[in-house]
Amino acid sequence: MVGHDLHTFLSPVQPTFICGVCKKCLSDAVSCCSPAHSVCRTCLQTLIANAKGFIAVKRQLTCPHEDCKNQFNPYSVSTNTHLNLLIGALRVSCSEKRRGCSWTGELSKRPAHVHNFNSVACRNQQKGCSWMGGDSELFNHIATDCLKELVFCKRGGRDCGGPKAGEFRREDKLIHQVKCTKYKCRVAGCGTEGTLDNLRVHEPRCGEQAQLIEMFKRENELLKAQAAQAKKNRNSDQFAILTLRRDVDQLRTEVAYWKYRAQHPGWAPFSPAGAPPPAGFSPSAPPFL
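A quick note: this is a predicted structure, and the numbers were derived from the prediction, not measured. (Residues numbered from 1 in each chain as written. Predicted model: local features only at pLDDT ≥ 70, side-chain atom pairs only at ≥ 80, totals over all residues. Heavy atoms only, no water.)

Engineer: So what exactly am I meant to see when it comes to the overall build of the protein chain here?
Structural biologist: A count of helices and strands for the protein chain gives seven helices and 13 strands. Per-residue burial over the protein chain gives 27% buried out of 289 residues. The contacts of the protein chain with a sequence gap of at least 6 include a subset with a gap of at least 24, amounting to 29%. Summed over all atoms, the accessible surface of the protein chain reaches about 20200 Å², with 56% contributed by carbon and sulfur. (Helix = DSSP H or I, 4+ residues; strand = E, 2+ residues; numbered from the N terminus. Buried < 20%, exposed > 50% of the residue type's maximum accessible area, 1.4 Å probe, protein only. Contact = heavy atoms within 4.5 Å. Areas by Shrake-Rupley, 256 points an atom, 1.4 Å probe, with all protein chains shown as cover.)

What follows is the structure, encoded as structure tokens:
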């Protein structure tokens, strides 16, 4: 972090405690040159970032303190532990003084105090909730953890069981679950609602009925499949009958033809003379059978 604001100290800060970059009281001081001039660690990182090209060639930086031109290697600096202890013992006021905090104490103890000062109490404190925490944690506490928070039934809403009967504190959730009448039967296709006790009696019977219904459905599907197969077989049989009738008619025609040839040995339909058959002969509809 950058240096500490000078106006929060209760007494003037010594010049040796001032950072040569940010001009504030040192924070996490590191020594940068032989006269033991120090800068904030964050400020040193800023210097390195701004002079990266120069450092790549010379690997040296000039001390940022006024009237000091000493060069130092920014990658070989060390933490000024003694100076950090001295600064941590300086007395300061709270950084939230503008918000009305009158705390004063050592600088090293101020972060813990500021954390506690920024902590907020649960909005249900007067109802018995003793939780305290940061602003960012308050929402999650109220949404999931606070036992004094007013919630409503997720099944029947705020009017579950009557006007506003579905509103209750989170700690009374189990009491409402016993009385809630909006629990649904877990058997597929059943829309029965009731209390948990009622459903414990209803669901076993409902399950048996559901099994019977499922069995009847399967039998119905099987009968439909058998009927479809029978219809398909019937159509196939009808086609076979028509084919057989056609073959019989063809055989009858052939029998008539050869019978006529036997009775009329001198007649030949494909003779060179091409003599026509006697009147009344039709191979497709023979008059002889």
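Resuming the write-up.
Engineer: It is not clear to me how the confidence of the model for the protein chain should be interpreted in this structure. Could you clarify?
Structural biologist: Low-pLDDT stretches of the model should not have their predicted coordinates read in fine detail. On average, residues of the protein chain carry a pLDDT of 79, and 83% of them reach 70 or more. pLDDT under 50 marks residues 284–289. Its contacts with residues more than four places away, or in other chains, come to twelve contacts. (pLDDT = per-residue confidence, 0-100.)

Engineer: What exactly am I supposed to notice about helix 1 (residues 41–50) here?
Structural biologist: Each α-helix turn comprises 3.6 residues. Residues three or four places apart therefore point the same way. For helix 1, the complete set of buried residues consists of Cys 43, Leu 44 and Ile 48. All buried residues of helix 1 project into a common sector of 145° when viewed along the axis, lining one side. Across helix 1 from its buried face, at more than 90 degrees, point the exposed residues Ala 49 and Asn 50. (Arc of directions from axis to C-beta.)

Engineer: Even after reading the chapter, I still don't get helix 3 (residues 81–88), so can you show me in this structure?
Structural biologist: What helix 3 keeps buried is the set Leu 83, Ile 87 and Gly 88. One side of helix 3 holds all its buried residues, which, seen down the axis, span an arc of 135°. Opposite its buried face, helix 3 presents the exposed residues His 82 and Leu 85, each directed more than 90 degrees away. Buried positions along helix 3 lie against strand 1 (29–31), strand 2 (38–40) and strand 7 (104–106).

Engineer: Explain the sheet that holds strand 2 here, please?
Structural biologist: Pairing is antiparallel across the open sheet formed by three strands, whose spatial order is 2-1-5. The two strands at the open ends of the sheet, each matched to only one other strand, are strand 2 and strand 5 (78–79). Summarising the sheet, strand 1 and strand 5 pair through two bridges and their orientation is antiparallel. Its bridge partner being in strand 5, Ser 31 is matched across the sheet by Ser 78. Here helix 1 sits on the sheet and contacts strand 1, strand 2 and strand 5; the angle it forms with strand 2, its principal contact strand, is near 90°. (Pairing = 2+ DSSP bridges. Axes fitted to C-alpha atoms, helices over the stretch in contact; angles between N-to-C directions.)

Engineer: Hey, could you run me through the environment of Glu 208 in this one?
Structural biologist: In this fold, Glu 208 is placed in helix 7 (residues 196–263). A sequence separation of 21 residues divides Glu 208 from Val 187, and the C-alpha atoms of the two residues are 9.9 Å apart.

Engineer: What should I look at first to understand the side chain of His 65 in this one?
Structural biologist: On the secondary structure map, His 65 appears in the loop between strand 3 (61–62) and strand 4 (71–72). Judged by its relative accessible area of 15%, His 65 is buried. Sequence-distant contacts of His 65, defined by excluding residues within four places in its chain, comprise Ile 18, Cys 19, Gly 20, His 37, Ser 38 and Val 39.

Engineer: How do you make sense of the nonpolar core when you look at a structure like this?
Structural biologist: For soluble globular proteins, the rule of thumb is that nonpolar side chains tend to be buried together. One finds Leu 26 and Ile 87 to be the most contacted residues of the largest nonpolar core, which totals 25 residues. Breaking this core down by element, the ones donating at least two residues are strand 1, strand 2, helix 1 and helix 3. With three residues, helix 1 is the largest single contributor of residues to this core. Excluding anything up to four places from it in sequence, Leu 26 contacts His 4, Thr 16, Phe 17, Ile 18, Cys 19, Ser 38, Val 39, Cys 40, Leu 83 and Ile 87. In this structure, Cys 180, Tyr 183, Val 187 and Cys 190 belong to the second largest nonpolar core, which totals ten residues. (Core = buried A, V, L, I, M, F, W, Y, C linked by side-chain atoms within 4.5 Å.)

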